[in-house]
Amino acid sequence: MRNVKKAVFYIILSVLFIGLVIFVYFFSDRIFKILSPLLIAIVIAYIIYPLVIKFERKGIKRSIAIIVIYTFIALSIVFFSIYIMPYVLDNAKQLFNTLPSITNNYKDLFNSLVSKIKTSKWPPEIKNVIFNEINNATILVQQYFSSAMKKSLGAVASSIAILINIVLSMIIAYYLLKDIDGIKRSALLIAPKRMRNELVNIGRELNSIISHFIQGQLLTALIVGILETLGLYFINVKYPFVLGIVGGIANIIPYFGPFLGAIPAVAIALLDSPSKALFAVLVFIIVQQIDNAFISPKIIEGKLGLHPITTIIAVLVGGEFFGIIGMLIGVPITAMLKVVFKRAIDLVV
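Below is a summary of the structure that appears in this document. From a predicted model like this one, the values you see are computed outputs, not experimental measurements. (Residues numbered from 1 in each chain as written. Predicted model: local features only at pLDDT ≥ 70, side-chain atom pairs only at ≥ 80, totals over all residues. Heavy atoms only, no water.)

1. Some thoughts on the nonpolar core
Next up, step 1: Core analysis: the biggest nonpolar cluster contains 14 residues, and Leu95, Leu232, Tyr239, Leu243 and Ile268 have the highest contact counts within it.
Next up, step 2: Examining the composition of this core, we find that four residues originate from one element, helix H9 (residues 257-272), more than from any other.
Next up, step 3: Beyond its immediate chain neighbours, meaning those up to four positions away, Tyr239 contacts Asn91, Gln94, Leu95, Thr98, Ile102 and Ile268.
Next up, step 4: Ranked by size, the runner-up nonpolar core spans 13 residues in total, among them Ile253, Leu306, Met327 and Val340. (Core = buried A, V, L, I, M, F, W, Y, C linked by side-chain atoms within 4.5 Å. Buried < 20%, exposed > 50% of the residue type's maximum accessible area, 1.4 Å probe, protein only. Helix = DSSP H or I, 4+ residues; strand = E, 2+ residues; numbered from the N terminus. Contact = heavy atoms within 4.5 Å.)

See the structure below:
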């Protein structure tokens, strides 16, 4: 009977979690604006938590350890802003200025392809199907880039608000890390006594999933981004800093990320020559092989426990409902749901 009650508890917990996801879907904009400092704070806390623990084991007080780490981060940001950021901004400025030229070049290539299809001896039915698909694809691409540009401009316009959110997130992360043990105890007091051990166990599993995803994926993305930047720089592809950053960030998305991150670099390299585009493709393939063989196995020690098919479906569903953010968080959320459902099923069976 006790196991049945626990199973019912986990099922209710899963239903509430799914309900929360649905609620977030319908009110995502408002919720994100309200909770963005807290969400960023959680990410920051997970990133620096291992360092805090290492300092604490050496006898350094936790609050002092956090301040030392924050100081190091601030100095690193200053170093990045002085020595690296100018190159990144220069690349971004050049790319933005030449974007109309790049668009026109691909427009000419596109028109040339359409002309060849029109003058070909293919049946009219096939030509109509091809033109319809081309028109649909063109509309989708235009909508995507229009939306991306609006969001980018909006982000620049609200840079002060973003800076305030980051500062606020750092403060929240400080208190999360400093008082995490007390927060855990307070959270357990809400649950019935007989459920507390189970909640501690499931909390550990969920914490492992989140920590592996945040710490592992972000560090992997950083290394991959640096390698791609260096590779593009050595083969003389334009705007390597921006394209490398795009590739590194895209690498966070399982399976699809490396492909999506390679598209801008290959597209720009193709305007110079097909051979340079081929070299750009090779750069991304080589970096991805290095990631799969050495980087990810070393950094991401634990797996999320999802089958590749489940992972792909999670990315697709997340992308469909929540866009890029959904593609990023779809996999860990699915892994967390799997843990809760598995515990409920184990108790029933």
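2. Some details on the packing of aromatic side chains
Next up, step 1: Applying the stated criterion across every chain yields a total of three aromatic pairs.
Next up, step 2: For the pair Phe79 and Tyr83, a centre-to-centre distance of 4.9 Å together with 40° between the ring planes defines the contact as tilted. Separated by four residues within a single helix, Phe79 and Tyr83 lie in helix H3 (residues 62-118), roughly one turn from each other.
Next up, step 3: An angle of 70° between the planes, with centres 5.9 Å apart, marks the rings of Tyr233 and Phe234 as edge-to-face.
Next up, step 4: Judged by its relative accessible area of 64%, Phe234 falls in the exposed class. (Phe/Tyr/Trp six-rings, centres within 6.5 Å; stacked < 30°, edge-to-face > 60°.)

3. Remarks on the side chain of Gln288
Next up, step 1: Relative to the elements of secondary structure, Gln288 occurs in helix H10 (residues 274-299).
Next up, step 2: Setting aside residues up to four positions removed in sequence, Gln288 forms contacts with Asn251 and Pro258.

4. Comments concerning the pattern of salt bridges
Where side chains of opposite charge bring their charged atoms close, a pairing between them can arise.
Next up, step 1: Evaluated as defined, the whole model comprises four salt bridges.
Next up, step 2: We note a salt bridge from Lys238 to Asp272, for which the minimum N-O separation is 3.9 Å. Taken together, the residues span a long stretch of sequence, with Lys238 in the loop between helix H7 (193-234) and helix H8 (240-250) and Asp272 in helix H9 at a distance of 34 residues.
Next up, step 3: For Lys238, a relative accessible area of 43% puts it in the partly exposed group.
Next up, step 4: In this structure, Asp272 engages Lys276 in a salt bridge whose closest nitrogen and oxygen atoms are separated by 3.4 Å.
Next up, step 5: Residue Lys276 is classed as buried on the basis of its relative accessible area, which comes to 15%.
Next up, step 6: Several salt bridges share partner residues, and in doing so they unite Lys238, Asp272 and Lys276 into one network. (Salt bridge = Lys/Arg side-chain N within 4 Å of Asp/Glu carboxyl O.)

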